[in-house]
Amino acid sequence: MSFAPKLTERFATVFDRSPYQSTDPIGKVQYVQKGNNVVFGRALRDDDEDNLVYIGKIMENTVGRNYLSADAWMDITFPHVIYITGTRGSGKSFDLGVLIEGISELNDPSPIQNAISPLCSIVIDTQSQFWTLKYKPNPRVPENATQLLDLQKWNISPNSLANCQLFIPHGTDPITGDEHVFHLNPRQVTHEEWCALIGQEVYSPQGHVLGRALDEMQESFSLEDLIQHLTTGEWEEIPESSRNAVIYKLDGYRRTGLFSDQGLDVKDLLKPSQCSVFMLRGIRNEDKALVTAVIARQLSSLMGEHHKKLKMSQFFDRETENDGLPNKVWMFIDEAHVVAPSGHLSPAKDALTDYVKRGRDAGLSLVMATQQPSAVDDRILSQVNLSMSHRLTFQADISAATNRVPTKLLKGLKFSGKDLSDFGDMLRYLEAGECFLGDHNTSRVVMTHVRPRVTSHGGYNPR
Ligand SMILES: Nc1ncnc2c1ncn2[C@@H]1O[C@H](COP(=O)(O)OP(=O)(O)O)[C@@H](O)[C@H]1O
Ligand SMILES: [Mg+2]
């Protein structure tokens, strides 16, 4: 039904029956009788129903009060840390697309947004598939034709992002032709991140050489300058082999062309309602992590400062000087295990941990999707307040994913003659686009079918 006042704009019923019957009731949930809506991710009940983005439909028959076919929304008033898990092809990138569409400025008004002010976002697109956010589904592409049929079934119109900027690293082939090439400035990379990049501990001999060299550089320098300094500077007490090893590794980086003294300035991306997509498929995993680190760190510091000023002016009732920054930013990371792996060195881990810790105070949200839930760093996951759990098959992944669900699991589900009492078994049965939505404010996970995408779902190249 939805909140739309006009009947023609309401979502179609889609499911009036479901093969899934849960056996424990949903004790606590934010249900809005008018229009048959359920709101996730909202701490306090609010009567004005603003700031909601459409997620999909509840698809379980619930014992007691039944919520089957109710429309599921997510409140975006406050920052979230969202964890999306599932096997390959289960609908994770699709969810990222659904959330990005929900918070972004669209070319046409759409009932998938209920009284929202479009937000600024940055997408770490590890597979280079989110450029399609700029376009409506294309009927000539078979995958998109199915999408259009789905949209019709749900009574939702196709749409496209109004302000989506694409970024590619140097040396990557453009896809649409309107991408901007970006570089990192070597000064933007901390000593710890350099060490993680070259696979060395900070206090190792190579880590030490690098630290000293960085200390001795000017405020602005190129990678060539750094290599030059390591080659010709005074290094008597440093073993030649350590210094050479660092030089060789840095020279490898010089050749990738990822660095330049004209590095990316994240401030340029922070325009209200701009979605910036970093298409990183063509570069190495550690470089994807580095790009993420540089962006996350700049975001934390810029937005932290911005909110600090905002709070002070509020407190002392002063005018805030306009720094042009939006109050909220969302960062999306697909294949999060690639940029924030648990267990081994990665340049992005500290930056992302700091990002999620500061998140609420600095207006920063994070959405991560992964097919390897056990491979994502725990310090980042400890802040998750909303989860979308799709199909998983391996027990280790199931345990890791369910550990991070921020509410109770479902205890029992009847499905095609079977009585399932193990949550892992329930996850194994899910089809693409179906998930258990979990949040702090709902007493247990709720089985939800994610809505169709309004923009083209990518994952293939133009023919
Ligand atoms: N909510 C959905 N509604 C309809 N089809 C979906 C939905 N989610 C996923 N799919 C289908 O599953 C395919 C794989 O989804 P995708 O999100 O790309 O998988 P992954 O989990 O590997 O990121 C999509 O191309 C689409 O056909
Ligand atoms: Mg994917």
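Values in this document were obtained by computation on a predicted structure and should not be read as measured data. (Residues numbered from 1 in each chain as written. Chains lettered and ligands numbered in written order. Predicted model: local features only at pLDDT ≥ 70, side-chain atom pairs only at ≥ 80, totals over all residues.)

Caption draft 1: Local environment of the overall build of the chain. When its secondary structure is counted, the chain shows twelve helices and 18 strands. Here the C-alpha atoms of the chain give a radius of gyration of 23 Å, agreeing with the 23 Å that 2.2 N^0.38 yields for 463 residues. Seen through its C-alpha atoms, the chain measures out along the principal axes to roughly 75 × 55 × 50 Å. Excluding contacts between residues fewer than 6 apart, the proportion of contacts in the chain whose partners are at least 24 apart in sequence is 76%. (Helix = DSSP H or I, 4+ residues; strand = E, 2+ residues; numbered from the N terminus. Rg over C-alpha atoms; globule rule 2.2 N^0.38 Å. Contact = placed C-beta atoms within 7 Å.)

Caption draft 2: Structural context of the nonpolar core. Ranked by size, the top nonpolar core spans 130 residues in total, and within it Val53 and Val277 carry the most contacts. Broken down by element, the residue count for this core peaks at nine residues, all from helix H7 (residues 285-315). Both domains that furnish three or more residues to this core are identified here as domain 1 (7-183 + 264-450) and domain 2 (186-256). In this view, Val53 contacts Trp73, Met74, Ile76, Leu99, Gly102, Ile103, Ile112, Gln113 and Ile116; residues no more than four positions away in its chain are not counted. (Core = buried A, V, L, I, M, F, W, Y, C linked by C-beta atoms within 7 Å. Buried ≥ 20, exposed ≤ 12 C-beta atoms within 10 Å, placed from the backbone. Domains from an automatic or database assignment.)

Caption draft 3: Geometry of the sheet that holds strand E16 (residues 418-420). Taken in spatial order, the three strands line up as E1-E15-E16 in an open sheet, and their pairing is antiparallel. Whereas interior strands pair on both sides, the edge strands pair on one side only; in this sheet they are strand E1 (20-22) and E16. Averaged over all adjacent pairs, the angle separating strand axes in this sheet is 25°, with direction ignored. Bridging between E1 and strand E15 (residues 413-415) involves three bridges; their strand directions are antiparallel. Along E15, the bridge assignment pairs Ser22 with Leu413. (Pairing = 2+ DSSP bridges. Axes fitted to C-alpha atoms, helices over the stretch in contact; angles between N-to-C directions.)

Caption draft 4: Broad picture of the pairing of strand E5 (residues 71-75). Most of E5 sits inside the fold, with five of its five residues counted as buried. The alternating pattern of E5 places Asp71, Trp73 and Asp75 and Ala72 and Met74 on opposite faces, both of which are buried. Of the strand pairs in this sheet, strand E3 (residues 37-40) and E5 are connected by four bridges, and their pairing is parallel. Looking at E5, one finds that Val38 is bridged to Ala72. One ladder, built from five bridges, connects strand E4 (residues 52-58) with E5; its direction is antiparallel. Considered in E5, the bridge of Val53 is made with Met74.

Caption draft 5: Looking closely at the domain arrangement of the chain. Segmentation of the chain into domains returns domain 1 (7-183 + 264-450) and domain 2 (186-256). On the domain 2 side, the residues contacting the nine residues of domain 1 number eight residues. For the side of domain 1 that touches domain 2, the element with the most residues is H7, which contributes four residues. Grouping the constituent residues of the side of domain 1 that touches domain 2 by class yields five nonpolar, two polar and two charged. (Nonpolar A, V, L, I, M, F, W, Y, C, P; charged D, E, K, R; others polar.)

Caption draft 6: Region of the structure containing the environment of Asn138. Mapped onto the elements of the fold, Asn138 is located in the loop between strand E8 (120-125) and helix H2 (142-154). Residue classification places Asn138 among the partly exposed positions, given that 17 C-beta atoms sit within 10 Å. Spatially, the C-alpha atom of Asn138 lies 8.3 Å from that of Leu148, the residues being ten residues apart in sequence. Sequence-distant contacts of Asn138, defined by excluding residues within four places in its chain, comprise Asn144 and Ser456.

Caption draft 7: Structural context of the pairing of strand E14 (residues 386-389). Burial of E14 is two-sided: the residues Leu386 and Met388 facing one way and the residues Ser387 and Ser389 facing the other way are all buried. Pairing of strand E6 (residues 81-85) with E14, which is carried by four bridges, proceeds in the parallel orientation. From the neighbouring strand, Thr85 faces E14, where its bridge partner is Ser389. Pairing geometry for E14 and strand E17 (residues 434-439), over four bridges, is antiparallel. Each bridged residue has a counterpart across the sheet, and for Leu386 the counterpart in E17 is Asp439.

Caption draft 8: View of the site of ligand 1. Around ligand 1, a shell composed of 16 residues is seen, among which Gly91, Lys92, Ser93, Phe94 and Gly433 lie nearest. Looking at the shell around ligand 1 element by element, the count peaks at three residues for helix H1 (residues 92-103). Across the shell around ligand 1, the residue classes break down as four nonpolar, eight polar and four charged. (Near = placed C-beta within 6 Å.)

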